[in-house]
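Spelled out from the first residue to the last, the chains are:
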Amino acid sequence: MVERSPTLGLLAHIVMVIGVLIVAFPIYLAFVASTHSPQEIMQAPMPILPGSHFWETYKTALLGTGASSSHVAVGRMIWVSFVITFIITFGKISISLLSAFAIVYFRFPLRSLCFWLIFITLMLPVEVRIGPTYQVVADLGMINTYAGLSVPLIASATATFLFRQFFLTVPDELVEAARIDGAGPLRFFKDVLLPLSATSIAALFVIQFIYGWNQYLWPLIAATSEDMYPIVIGIKQMIGGGDSPVEWNVVMATAILAMLPPALVVVLMQKWFVKGLVDTEK
């Protein structure tokens, strides 16, 4: 049994508070910058308290009425990011569930080889195969489409491996009981495996949502039209290019808006995320 020491507890809380302040301070500065005018931001020193341009700045960002180099409204970019993120997230989870189910519960020739071929794709991320992937997407006419931005990213060897390892822990008695009750493979998958995998699915949903939301390189190549830019690309377009002055308050407001969806997903699903990673009673 570990004894609790008031001194160590206080020290741990102090360290934790300092860590939170270090992480949160740049976010706070971004929020403060988004509430001031561009002229006020460029002053030295920069204001550290919120200004009076909050509604004006965020309206400009959401509606895309500013003078920045990108004329696409943030609302449109957020919508594009949501669509491709949900396609990537649900695609990865669905394909990984089905592939792990087939590898664990079906007997077919070269089953182990198929699994290791899937696992080896970890050494071939999209950055390595970006040339041929782009050629295939272009030949299929999927440039500047939601499918072109998401489908090449939906395969996941990591998720397949995690689901396979979990399925291997499911007792054989459940399989035999389902077979005796006359349940076919799909019914066993739907009524037994999916409910048991709920916490793992939730944990992977959080991870894959953040992965899809933060995609930069592939959308930068696969999207050539401004109305198909996800918000991560939109922020970069606001900063670089063109002769127009950079509206740093709008850029900071866009960055704050870009952080909100993944932050909300993590906060709302924190309990399921932690349980899916550490729960041993599955």
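Rules and cut-offs
- Residues numbered from 1 in each chain as written.
- Predicted model: local features only at pLDDT ≥ 70, side-chain atom pairs only at ≥ 80, totals over all residues.
- Heavy atoms only, no water.
- Helix = DSSP H or I, 4+ residues; strand = E, 2+ residues; numbered from the N terminus.
- Rg over C-alpha atoms; globule rule 2.2 N^0.38 Å.
- Buried < 20%, exposed > 50% of the residue type's maximum accessible area, 1.4 Å probe, protein only.
- Contact = heavy atoms within 4.5 Å.
- Areas by Shrake-Rupley, 256 points an atom, 1.4 Å probe, with all protein chains shown as cover.
- Lys, Arg positive; Asp, Glu negative; His and termini not counted.
- Charge placed at Lys NZ, Arg CZ, Asp CG, Glu CD.
- Phe/Tyr/Trp six-rings, centres within 6.5 Å; stacked < 30°, edge-to-face > 60°.
- Axes fitted to C-alpha atoms, helices over the stretch in contact; angles between N-to-C directions.
- Parallel < 35°, antiparallel > 145°, perpendicular 65-115°, else oblique.
- Left-handed = near helix turned anticlockwise from the far one by under 90°.
- Nonpolar A, V, L, I, M, F, W, Y, C, P; charged D, E, K, R; others polar.
- Patch = residues over 30% accessible without salt bridge, like charges linked within 9 Å, V, L, I, M, F, W, Y side chains within 5 Å.
- Salt bridge = Lys/Arg side-chain N within 4 Å of Asp/Glu carboxyl O.
- Expected span 1.5 Å × (residues − 1).
- Polar contact = N/O pair within 3.5 Å; in protein donor to acceptor, adjacent residues only side chain to side chain.
- Core = buried A, V, L, I, M, F, W, Y, C linked by side-chain atoms within 4.5 Å.

Student: Run through the overall build of the protein, naming residues and quoting values.
Tutor: Looking only at helices and strands, the protein has 15 helices and zero strands in total. Scaling as 2.2 N^0.38, a compact globule of 282 residues should have a C-alpha radius of gyration of about 19 Å, whereas the protein reaches 24 Å, well beyond that. Summarising its shape, the C-alpha atoms of the protein cover approximately 75 × 65 × 30 Å along the three principal directions. For the protein, with 282 residues in total, the buried portion stands at 36%. A sequence separation of at least 24 residues applies to 72% of the contacts in the protein between residues at least 6 apart. Carbon and sulfur atoms make up 71% of the accessible area of the protein, which amounts to about 16500 Å² in all. For the protein, the distance from the average position of its 15 positive side-chain charges to the average position of its 16 negative side-chain charges is 8 Å.

Student: Please provide a residue-by-residue account of the packing of aromatic side chains, values included.
Tutor: In this structure the tally under the stated criterion is 24 aromatic pairs. Both rings, one in Phe209 and one in Trp213, keep their centres 5.9 Å apart while their planes meet at 15 degrees; by these two values the pair is stacked. Within this pair, Phe209 and its partner Trp213 are both found in helix H11 (residues 198–213), separated by four residues, close to a single helical turn. Residue Trp213 is classed as buried on the basis of its relative accessible area of 2%. In textbook terms, an aromatic cluster arises when at least three aromatic residues are bridged by ring pairs, as seen for Phe101, Tyr105, Phe106, Phe163, Phe166, Phe167, Phe188 and Phe189.

Student: Could you give an account of the packing of helix H1 (residues 6–34) against helix H14 (residues 248–268), with specific residues and numbers?
Tutor: Relative orientation of the contacting elements H1 and H14 amounts to 130 degrees, with a least axis distance of 7 Å. Relative to H14, H1 is oriented oblique. Viewed along their axes, H1 and H14 form a crossing whose handedness is left-handed. Counted together, Ile27, Ala30, Phe31, Ala33 and Ser34 of H1 and Asn249, Met252, Ala253, Ile256 and Met259 of H14 form the full contact between these two elements. Tallied by class, the residues present in the contact of H1 with H14 amount to eight nonpolar, two polar and no charged.

Student: Outline a nonpolar patch on the surface, listing residues and values.
Tutor: Nonpolar side chains collect at one region of the surface, where Leu110, Leu113, Trp116, Leu117, Ile120, Met123, Leu124 and Val128 lie side by side and expose about 840 Å² of accessible area between them. Among the secondary structure elements, Leu124 is positioned in the loop between helix H5 (111–120) and helix H6 (130–139).

Student: Please set out the pattern of salt bridges residue by residue, giving values where relevant.
Tutor: Inspection of the entire model under this criterion finds three salt bridges. Between Arg187 and Asp191 there is a salt bridge, with the nearest N and O atoms lying 3.2 Å from each other. A residue pair is termed a helical-turn pair when its members lie 3 or 4 positions apart in one helix, as Arg187 and Asp191 do in helix H10 (residues 185–196) at four residues. Classification of Arg187 by relative accessible area gives exposed; the value is 51%. By relative accessible area, which is 36% here, Asp191 ends up partly exposed. Taking the shortest distance from any N to any O, the salt bridge between Asp191 and Lys190 comes out at 2.9 Å. The network of salt bridges with shared partners includes Arg187, Lys190 and Asp191.

Student: Describe the environment of Ile231, naming the residues involved and giving the relevant values.
Tutor: Structurally, Ile231 can be placed in helix H13 (residues 231–239). Of the residues examined, Ile231 reaches a relative accessible area of 0% and is grouped as buried. Not counting the four nearest positions on each side in its chain, Ile231 is found in contact with Val74, Met77, Ile78, Ser81, Trp213, Thr254, Leu257 and Ala258.

Student: Break down helix H8 (residues 157–168) for me, citing the residues and quoting the values.
Tutor: If you check H8, its first and last C-alpha atoms are 16 Å apart, about what twelve residues at 1.5 Å a residue would give, namely 16 Å. All of the buried residues in H8 are Ala157, Ala159, Thr160, Phe163, Phe166 and Phe167. Buried residues along H8 sit in contact with helix H4 (74–105), H5, H10 and H11. Two or three places before Ala159, at the start of H8, stands the capping residue Ser156, its side-chain oxygen 3.1 Å from that residue's backbone nitrogen.

Student: Got a sec to walk through the nonpolar core? Specific residues and values, please.
Tutor: Core analysis: the biggest nonpolar cluster contains 37 residues, and Val74, Phe163, Phe167, Leu193 and Ile231 have the highest contact counts within it. If you list the elements that add at least two residues to this core, you get helix H3 (54–63), H4, H8, helix H9 (172–180), H10, H11, H13 and H14. Excluding residues within four positions of it along the chain, Val74 makes contact with Ala61, Leu62, Ile231, Met238, Thr254 and Leu257.

Student: Can you lay out unusual backbone geometry for me, pointing to particular residues and giving the numbers?
Tutor: A positive phi angle is found at Leu110, which is not glycine, with a value near 60 degrees. Within the fold, Leu110 resides in the loop between H4 and H5. Residue Leu110 is classed as exposed on the basis of its relative accessible area, which comes to 60%. We note that Asn144 has phi near 60 degrees; this positive angle belongs to a residue other than glycine. Accessibility expressed as a relative area gives 24% for Asn144, which makes it partly exposed.

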